[in-house]
Amino acid sequence: MSQPSTTNREEGVVTASPSRGRQARRWDWLLPVGFMTPAVLIGIGIVFFCMILLIALSLREQKLGTLEALLNSPMSLENYVEIITDPATWRSLWISVIYTVGTTIVPFGIGLAFALLLNEQMPGRRVLRTLALVPWAIPGVTATIAFMWIMQPTYGVANYLLRVLGISDADVDWFGNVNTALIAVMIPTIWKGVPFFLLMLLAGLQSINGELYEAAEVDGAGRWAKFRYVTIPSLAPFIFVSLVFGAMHSFREFDFIYASTGGGPQGATETIAVRIFNLAFDRFDFTGAAALGVFTFVLVSIVIVLLVRRDRKGALEGFL
Amino acid sequence: MTTTLTETLVVPATKKARRARRPRVNLPFAIMIVMTVIMLFPVYWMLLTALLPTQAVFSRSPSLIPTGEMSFDSFVGLLVKTPIFSWIFQSIIITIGTSVLSAFICLLAAYALSRFVVPGRKLTAVGFLVGRVLPGTLLALPLFILFQTVGLLNTQLAVILANVAVVTPLTTLILKGYFDGIPRDIDDAAMVDGCSRWGVLWRMIFPLSVPGLVACVGLSATAAWTDLLFSRTLLLSRDNWTLPMGITSIIGAHEVDWNELMAAGLISIIPMLIIYWFLQPHLVSGMTAGGVKG
């Protein structure tokens, strides 16, 4: 940050020693390798190893056991046949798509509204911004229980408001009803997702050069025209990146669903992420879960490759 | 502020009339207030439920503004009925372990990525994206088997390693973006003076990058504190349960005691608010690390 203090420290601490310098240079190539090793081992190594193990497991006949027992079990493609012919797999995939799209588009819209508002001059803007970001600081499980209480059938304030407003008198069991459960688990996810979009889009709005607006005004642009022809195009990379990252996050979401419905009722909220978990740790079908995992991995990889191909301007890479 | 030149020249009368009709009402401000109140309602409701007596909580027509007296009974009940201190303690161990280990690892890796030529940037980008989008549940199964084989199952270390593996790619890239902003001249000057690479990192870069590190520690601490998946799969015995696990177990109970549940929820928020306080100035730079090229 402050240049002067750094130079002072430099002079004060470092003592020149030519022999040490030469030695350091000889071993210089080792340094980046050494620095990278822990991160590569734990960040990439573990994940890579897990994927290999997952593939190895998915090709076995035995369903459950120790690593040794599983790896000694005969090879078979049966798990994949089961996964692909099981209608529940495709239903899960569909639920994942609905959940992902819903919990990306809705918080994006709310976040955009917040960002546009916060980009205006207003009293207490910093405080309001901090308050609007509060859902970010609420753990997923905690957000889930808060909404489970609000949407509780008998004493929940949501049903109470519906009664007061005369919309519905029924004690809707939001999380327990097959028809409403998916919407119910989406609501806390949406709530918690808003701050991410708010921050990304606000950063985008603040990076727009004010001169563009002035130029548009000179050309006689009104509020809408300025929004349509200056804000949106300038914001486009931020919109793209935030939607992609948000969707990725939603797709892998586990906490909200597991803590509230566990995938039920009758699989109505069982996204792929939850289904893999349930197969492995509820039904103890390790190799079947592994096969579904590999299947998901392939699907996800295809989508990512397509996205990166489409991203000709390098917006995604710019964020990496 | 944003009225156009033409408007001022052509229609001054209407503008004056409009201003007279609604004196100094800041519409964005008003909408913002309403939206913020709605956003904060769940937290407010949680607080209210935890503090109100049971009969007020279990009411068919709850009052949105508290009228009766408040108490900390639900916190006391939570203490008596659940091993909440043990849950908190376990969560703290895992959170500290994860953030310290991840900070150390990503500091080294980010420096290497920032100062040396590392090939395969596009490939790294794709790998990172795939890693970010893969459901954690996909990793939970092989991790379970891996830790079972090496005998780490049911230890905090297993959960710490799993969290670090998930969070490190992200924190490394954020910190790399931060290091890129520190001029290389500093490294060169120090090395001319005989400082080793390690010395450069430790004496020059580290003090300068404290804000970036704070962001990384905040993010990894957040991931560890809120983690449910890995503590659910890798910690088997009840004694090792973390706070999110404990809260989930209360929901699973036969009759849910909502005020105690909300009290537990509030406890889980407190450390997050502390992290959030330190992290807030860095959230934007953290999320937009590297900036946009497009």
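Residues numbered from 1 in each chain as written. Chains lettered and ligands numbered in written order. Predicted model: local features only at pLDDT ≥ 70, side-chain atom pairs only at ≥ 80, totals over all residues.

**Quick notes on the overall build of chain A**
So, point 1. Tallying secondary structure elements over chain A gives 16 helices and zero strands in all.
So, point 2. Within chain A, buried positions represent 41% of all 320 residues.
So, point 3. For chain A, restricting intrachain contacts to residue pairs at least 6 apart in sequence, the fraction spanning at least 24 positions comes to 66%. (Helix = DSSP H or I, 4+ residues; strand = E, 2+ residues; numbered from the N terminus. Buried ≥ 20, exposed ≤ 12 C-beta atoms within 10 Å, placed from the backbone. Contact = placed C-beta atoms within 7 Å.)

**Quick notes on the overall build of chain B**
So, point 1. Looking only at helices and strands, one finds 15 helices and zero strands in chain B.
So, point 2. In chain B, which comprises 294 residues, the share counted as buried stands at 46%.

**Digging into the domain arrangement of chain B**
Residues and elements named next belong to chain B.
So, point 1. Taken domain by domain, chain B holds domain 1 (25-71) and domain 2 (83-287).
So, point 2. On a C-alpha basis, the centroid separation for the pair domain 1 and domain 2 is 33 Å.
So, point 3. Per element, the largest residue contribution to the side of domain 1 that touches domain 2 is four residues, and it comes from helix H3 (residues 27-51).
So, point 4. Residue composition of the side of domain 1 that touches domain 2, by class: four nonpolar, two polar and no charged. (Domains from an automatic or database assignment. Nonpolar A, V, L, I, M, F, W, Y, C, P; charged D, E, K, R; others polar.)

**A short note on unusual backbone geometry**
So, point 1. Phi angles above zero are rare outside glycine, and A:Gln266 is one such case at about 50 degrees.
So, point 2. Residue A:Gln266 is classed as exposed on the basis of its C-beta count, with 9 C-beta atoms lying within 10 Å.
So, point 3. Phi at B:Asn154 is positive, roughly 70 degrees, even though this residue is not glycine.
So, point 4. Assignment of secondary structure puts B:Asn154 in the loop between helix H8 (136-150) and helix H9 (156-180).
So, point 5. For B:Asn154, a count of 15 C-beta atoms within 10 Å translates into the label partly exposed.

**Observations regarding the packing of helix H5 (residues 78-85) of chain A against helix H15 (residues 286-310) of chain A**
Residue and element names in this part refer to chain A.
So, point 1. Put simply, H5 and H15 touch, their axes get as near as 9 Å, and they point 65 degrees apart. The pairing of H5 with H15 is recorded here as roughly perpendicular in orientation. Like other packed secondary-structure pairs, H5 and H15 cross with a definite hand, here right-handed. Note on element contacts: H15 touches H5 through Thr287, Gly288, Ala291, Leu292 and Phe295, opposite Asn79, Tyr80, Glu82 and Ile83.
So, point 2. Looking at the contact of H5 with H15 residue by residue, the class counts come to five nonpolar, three polar and one charged. (Axes fitted to C-alpha atoms, helices over the stretch in contact; angles between N-to-C directions. Parallel < 35°, antiparallel > 145°, perpendicular 65-115°, else oblique. Left-handed = near helix turned anticlockwise from the far one by under 90°.)

**Focus: the nonpolar core**
So, point 1. With 161 residues, the main nonpolar core has A:Leu198 and B:Ala109 as its most contacted residues.
So, point 2. Summarising the domain contributions, this core has at least three residues from each of domain 1 (25-71) and domain 2 (83-287) of chain B.
So, point 3. Those residues in contact with B:Ala109 that sit more than four places away from it in its chain are A:Phe35, A:Met36, A:Ala39 and B:Thr172. (Core = buried A, V, L, I, M, F, W, Y, C linked by C-beta atoms within 7 Å.)

**Focus: helix H8 (residues 140-150) of chain A**
So, point 1. Counting buried positions along H8(A) gives 11 out of 11 residues, so the element sits mostly inside the fold.
So, point 2. Of all the positions in H8(A), only A:Gly140, A:Val141, A:Thr142, A:Ala143, A:Thr144, A:Ile145, A:Ala146, A:Phe147, A:Met148, A:Trp149 and A:Ile150 are classed as buried.

**Details of the confidence of the model for chain A**
Residue and element names in this part refer to chain A.
So, point 1. In the predicted model, chain A carries a mean pLDDT of 82, and 88% of its residues have values of at least 70.
So, point 2. Mean pLDDT across the elements of chain A ranges from a minimum in helix H1 (residues 3-13), with 39, to a maximum in helix H6 (residues 87-118), with 93.
So, point 3. Here residues 1-20 is modelled with pLDDT under 50, and outside its nearest four sequence neighbours on either side it reaches 19 contacts, counting other chains as well. (pLDDT = per-residue confidence, 0-100.)

**Here's the deal with the environment of A:Phe251**
Residue and element names in this part refer to chain A.
So, point 1. Secondary-structure assignment places phenylalanine 251 in helix H12 (residues 223-251).
So, point 2. For phenylalanine 251, a count of 24 C-beta atoms within 10 Å gives the class buried.
So, point 3. Along the backbone, phenylalanine 251 and isoleucine 272 are 21 residues apart, and their C-alpha atoms lie at a distance of 8.2 Å.

**Thoughts on the confidence of the model for chain B**
Atomic detail in the predicted coordinates should be set aside for any region of low pLDDT.
Residue and element names in this part refer to chain B.
So, point 1. Mean pLDDT over chain B: 79, with 82% of residues reaching 70 or higher.
So, point 2. When pLDDT is averaged over each helix and strand of chain B, the minimum, 43, is found for helix H1 (residues 5-10) and the maximum, 91, for helix H13 (residues 229-234).
So, point 3. Across residues 1-13 the pLDDT falls below 50, and counting only partners more than four positions away or on other chains, this stretch makes six contacts in the model.
So, point 4. In the model, residues 289-294 has pLDDT below 50 throughout and makes 20 contacts with residues more than four positions away in sequence or in other chains.

**Comments concerning the environment of B:Ala165**
So, point 1. Checked against the element boundaries, B:Ala165 lands in helix H9.
So, point 2. For B:Ala165, a count of 24 C-beta atoms within 10 Å gives the class buried.
So, point 3. Separated by 28 residues in the primary sequence, B:Ala165 and B:Asp193 place their C-alpha atoms 37 Å from one another.
So, point 4. Apart from the residues within four sequence positions on either side, B:Ala165 is in contact with A:Ile42, A:Gly43, A:Ile46 and A:Val47.

**Some details on the environment of A:Arg163**
Residue and element names in this part refer to chain A.
So, point 1. For arginine 163, the position within the fold is in helix H9 (residues 157-164).
So, point 2. Exposure remark for arginine 163: the 15 C-beta atoms within 10 Å place this residue in the partly exposed category.
So, point 3. Separated by 69 residues in the primary sequence, arginine 163 and tryptophan 94 place their C-alpha atoms 33 Å from one another.

**With respect to the packing of helix H6 (residues 84-115) of chain B against H9(B)**
Residue and element names in this part refer to chain B.
So, point 1. Two elements in contact, H6 and H9, have axes separated by 6 Å at closest approach and are oriented at 40 degrees. One finds that H6 runs oblique with respect to H9. Judged by the twist between their axes, the crossing of H6 over H9 is right-handed.
So, point 2. Of the residues belonging to the contact of H6 with H9, the class tally is 16 nonpolar, 10 polar and two charged.

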